[in-house]
Amino acid sequence: QVQLVESGGGLVQAGGSLGLSCVISPSIFSIHRMGWYRQAPGKQRELVASINSGGITNYADSVKGRFAISRDNAKDTIYLQMNSLEPEDTAVYYCWERVIRDILPSDYDYWGQGTQVTVSS
C-alpha cells in the first residue's frame, strides 16, 4: 500500500513563505504524476501544482510565479515551496500521486492526510 506522509505547513503572515514536503513510499506501479491539491472551507479541492515522471511541471494560474514544485527521487520526496503567500492560499494541502496499474481502473490516486496552511492578513 502506497503511503504519502506530508510535513510542513502552519501559520504565516501574508507575503511570507512556507515549504511542504511529502514522502511517498515506493509503488509497484508506474507513476504518472505527483503533486499537491488544496481545499479551502466551502470550496472544491483544486490542483495546485503537479510534476510528472519526466519532471514536467504544471501550476494553477493562481499560484504561477509564486509556488514551485520539485522532487528528489533519491529521497522519494516531493516539495512545494510557497512564496508571496496570500490569505486566499489558506487551505488544507494534500499530497497526491497518480499511478498507472495493470488492473482496472488503470488510473489510481493516492492521497496524503493533508496539512493546514493558514495565511493571515
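Quick note: structure is the one above.
Residues numbered from 1 in each chain as written. Predicted model: local features only at pLDDT ≥ 70, side-chain atom pairs only at ≥ 80, totals over all residues. Heavy atoms only, no water.

Engineer: Explain the packing of aromatic side chains here, please?
Structural biologist: The tally for this structure, following the rule as stated, stands at three aromatic pairs. A centroid spacing of 5.0 Å and a plane angle of 65° characterise the contact between Tyr37 and Trp111, whose relative ring orientation is edge-to-face. Taken together, the positions of Tyr37 in strand E4 (residues 30-39) and Trp111 in strand E10 (residues 107-111) put the pair 74 residues apart, joining distant regions of the chain. Classification of Trp111 by relative accessible area gives partly exposed; the value is 35%. (Phe/Tyr/Trp six-rings, centres within 6.5 Å; stacked < 30°, edge-to-face > 60°. Helix = DSSP H or I, 4+ residues; strand = E, 2+ residues; numbered from the N terminus. Buried < 20%, exposed > 50% of the residue type's maximum accessible area, 1.4 Å probe, protein only.)

Engineer: What am I meant to see in unusual backbone geometry here?
Structural biologist: Peptide bonds are trans in most cases, and residues, glycine excluded, mostly fall at negative phi. For the bond running from Leu104 to Pro105, omega is -5°, close enough to zero to count as cis. Non-glycine residue Ser84 carries a positive phi angle of around 50°. Structurally, the position occupied by Ser84 is in the loop between strand E8 (77-82) and strand E9 (91-100).

Engineer: How do you make sense of the pairing of strand E5 (residues 46-52) when you look at a structure like this?
Structural biologist: When a strand is regular, its side chains alternate between the sheet's two faces. Extensive coverage of E5 is indicated by the burial of five of its seven residues. Sheet analysis places E4 next to E5, joined by six bridges and oriented antiparallel. Opposite Tyr37, over in E5, you have Leu47 as the bridge partner. Hairpin connection, E4 to E5: the antiparallel pair is bridged by six residues, and Gly42 has positive phi, about 75°. Bridge count for E5 against strand E6 (residues 57-59) is three bridges, and the pairing is antiparallel. (Pairing = 2+ DSSP bridges.)

All we've got here are geometric facts, nothing functional implied.
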